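The residues making up each chain are set out below.
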Amino acid sequence: MPEHILFLTGRLAEASLRKVLVSLQPAQFTYGVHVLKLQVAGLMTADMILRRLPSTEGAQRVLVPGRCRGELEPLSAHFGVPFQRGPEELKDLPEFFGRGGGAAPDLSRYDVRIFAEIVDAPNMSIEAMLAQARRYAGAGADVIDLGCLPQTPFAHLEDAVTALRESGYRVSVDSMDNDELLRGGHAGCDYLLSLKRDTLWLVDEAPATPVLIPAEHGDMASLYEAIETLSKKGRAFIADPILDPIHFGFTESLVRYRDLRRALPQVQIMMGSGNLTELTDADTIGMQAVLAGIMSELGITHLLTTQVSGHALGAVQEANAARRLMFAARAADALPRRLEGGLLALRDTRPFPYSAEEIGATAQAVKDPSFRVQVSEEGIHVYNRDGVHTANEPFRLYPRLGLESDASHAFYMGVELARAQIAWQLGKRYAQDEELRWGRAALRRSDPPIAHRDPSEPERAPFAPTVEGDT
């Protein structure tokens with residue numbers, strides 16, 4: 001017997017939900033639809049469901065709107081069947097069920113270790129380095145890399161290594177000065193960046209794992225010699241052919257990584273992303289995805305990244321998201337898409353789930369004065385019981401709303417229309433009363449939105465949320 005699922009919704013979204021369910025023609029389940037005596041499905045809460053739902057009507061599972069607030073576990077316990085959130089947009093139901101009943105992809109796993117470099121460590125206090133390490137670790141870094149500077153004394157190098165390790169961090173020392181590498185190794189660092197063919201004697205002086213690089217730029221023969229020497233010694237190591245900037249050997253450097261992997265399938269390899277992310281004036285989040293894909297294909301399991309340039313300040317958290325996305329895709333033998341890894345920032349794959357005609361049909365069912373805002377490919381739509389206004393920028397809409405005497409409502413609508421305009425211009429999903437989603441590109445998260453009214457009150461307040469995508 002197929003599973004029977006009960007879908008909860010509001011009055012305005014009922015017709016759209018039924019239409020989508022009919023188009024699904026599901027073979028794996030049967031369904032029922034229950035309207036929970038409220039206008040807007042997005043206002044549904046777990047407490048409201050508990051009060052207003054008399055029974056689950058024989059369902060084996062209950063699907064609630066994706067924007068339903070509150071804990072669902074008490075509902076599952078009370079009714080004796082699982083309660084589950086559906087997608088935030090009802091138009092996403094086909095994808096939701098096409099992915100195996102809505103099971104979320106597992107983005108908890110990864111096999112790439114992120115080294116996050118503190119680039120000017122010699123000029124920082126111990127306290128400042130610890131603070132930076134906390135930020136890096138919070139963003140996903142596994143190793144804190146102390147970047148030494150040429151011709152710059154690092155008198156407190158040993159103290160820095162000790163302080164970081166005592167705080168629970170793995171530490172690498174990154175220097176072209178043998179004395180600094182030796183001091184870092186004696187202080188107990190975990191990794192030494194970077195050793196060459198003629199500095200391999202350092203491995204006999206300190207137990208840290210060395211990262212090997214060519215003796216001269218692009219000299220792979222010297223790197224292979226260093227690898228052979230340490231392999232014979234039985235010492236663990238990581239090899240890094242060095243990723244070059246665009247127009248200064250970038251493509252050829254990728255070939256070096258490929259050739260190294262083909263020649264030595266078992267060798268651990270590191271790739272540094274800074275020469276691409278820091279030295280290219282383009283958004284880094286896409287670069288991180290591409291580099292993570294290359295690393296995934298080549299089995300590169302160590303990434304050195306920096307956060308120096310203003311446009312690259314999210315490098316660590318972006319790399320963290322990218323390594324998880326690529327691991328999940330590879331494990332599923334699938335393309336790295338539709339896995340919701342937070343790497344879609346400026347645009348969405350389906351930015352406008354509703355057409356102007358569909359929004360107009362929804363607007364005809366609205367009987368109250370509260371404004372709803374939705375975005376379609378045609379522009380921004382604002383509607384209430386008095387009709388629909390459509391334009392592609394707020395200044396054309398605002399004079400039609402009659403808000404001159406209501407300052408608080410005018411402020412609210414100004415914020416919403418600005419968000420809607422940005423979403424329309426870029427091609428992003430917009431949902432009224434929700435901030436635009438920037439994925440891992442956002443460095444700072446805003447405070448949770450302030451509720452404009454108690455959702456249990458009748459739908460007559462002026463700040464009613466949108467019905468876009470309510471299920």
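Residues numbered from 1 in each chain as written. Predicted model: local features only at pLDDT ≥ 70, side-chain atom pairs only at ≥ 80, totals over all residues. Heavy atoms only, no water.

Draft legend 1. View of the overall build of the chain. The secondary structure content of the chain amounts to 15 helices and 15 strands. The C-alpha extent of the chain, read off along each of the three principal axes, is 80 × 60 × 40 Å. When the 471 residues of the chain are sorted by exposure, 51% land in the buried category. Residue pairs in contact within the chain that sit at least 24 positions apart in sequence constitute 63% of those at least 6 positions apart. Taking the 49 positively charged and 63 negatively charged side chains of the chain as two groups, their mean positions are separated by 6 Å. (Helix = DSSP H or I, 4+ residues; strand = E, 2+ residues; numbered from the N terminus. Buried < 20%, exposed > 50% of the residue type's maximum accessible area, 1.4 Å probe, protein only. Contact = heavy atoms within 4.5 Å. Lys, Arg positive; Asp, Glu negative; His and termini not counted. Charge placed at Lys NZ, Arg CZ, Asp CG, Glu CD.)

Draft legend 2. Empty space enclosed by the protein, seen in detail. Counted under the stated rule, the structure contains one cavity of 30 Å³ or more. Approximately 100 Å³ is the volume found for the largest cavity. Along the wall of the largest cavity there are 15 residues; nearest its centre are Val 112, Ala 292, Met 295, Ala 322 and Arg 323. Listing elements by their share of the lining of the largest cavity, those giving two or more residues are α11 (284-298) and α12 (315-331). It is α12 that provides the largest number of residues to the lining of the largest cavity, a total of six residues. When its residues are assigned to classes, the lining of the largest cavity shows 10 nonpolar, two polar and three charged. (1 Å grid on protein atoms, 1.4 Å probe; cavity = no way out; pocket = protein on both sides within 12 Å on 5 of 7 lines; lining within 4 Å. Points joined across faces, edges and corners; volume = space filled by probe spheres on them. Nonpolar A, V, L, I, M, F, W, Y, C, P; charged D, E, K, R; others polar.)

Draft legend 3. Focus on the pattern of salt bridges. By the definition in use, this model includes 24 salt bridges. The partner of Arg 256 in a salt bridge is Asp 244, and the shortest N-O contact between them spans 2.9 Å. Of the two residues, Arg 256 is situated in helix α9 (residues 250-263) and Asp 244 in the loop between β10 (238-239) and α9; the sequence distance between them amounts to 12 residues. Asp 244 shares its class with Arg 256; the two are buried. (Salt bridge = Lys/Arg side-chain N within 4 Å of Asp/Glu carboxyl O.)

Draft legend 4. Representation of helix α8 (residues 220-233) within the structure. Taking 1.5 Å per residue, 14 residues should reach 20 Å; α8 reaches 20 Å between its end C-alpha atoms and fits that length. Of all the residues in α8, the buried ones are Met 220, Ser 222, Leu 223, Ala 226, Ile 227 and Leu 230. Down the axis of α8, the buried set is contained in an arc of 160°. They therefore lie on one face. The inward-facing, buried residues of α8 contact β9 (209-212), β10 and α9. With its phi angle positive at about 75°, Gly 234 sits one or two positions after the end of α8. (Expected span 1.5 Å × (residues − 1). Arc of directions from axis to C-beta.)

Draft legend 5. Highlighting the pairing of strand β6 (residues 143-147). Taken across its five residues, β6 has five buried, putting it largely inside the fold. Taking every second residue as pointing to the same face, both faces of β6 are buried, with Val 143, Asp 145 and Gly 147 on one and Ile 144 and Leu 146 on the other. One ladder, built from four bridges, connects strand β5 (residues 113-118) with β6; its direction is parallel. By the bridge assignment, Phe 115 is partnered in β6 with Val 143. Between the parallel pair β5 and β6, the chain is carried across by helix α5 (residues 126-139), and the sense of this crossover is right-handed. The sheet contact formed by β6 and strand β7 (residues 170-174) spans five bridges and is parallel. (Pairing = 2+ DSSP bridges. Right-handed = clockwise from strand over helix to strand, strands pointing away.)

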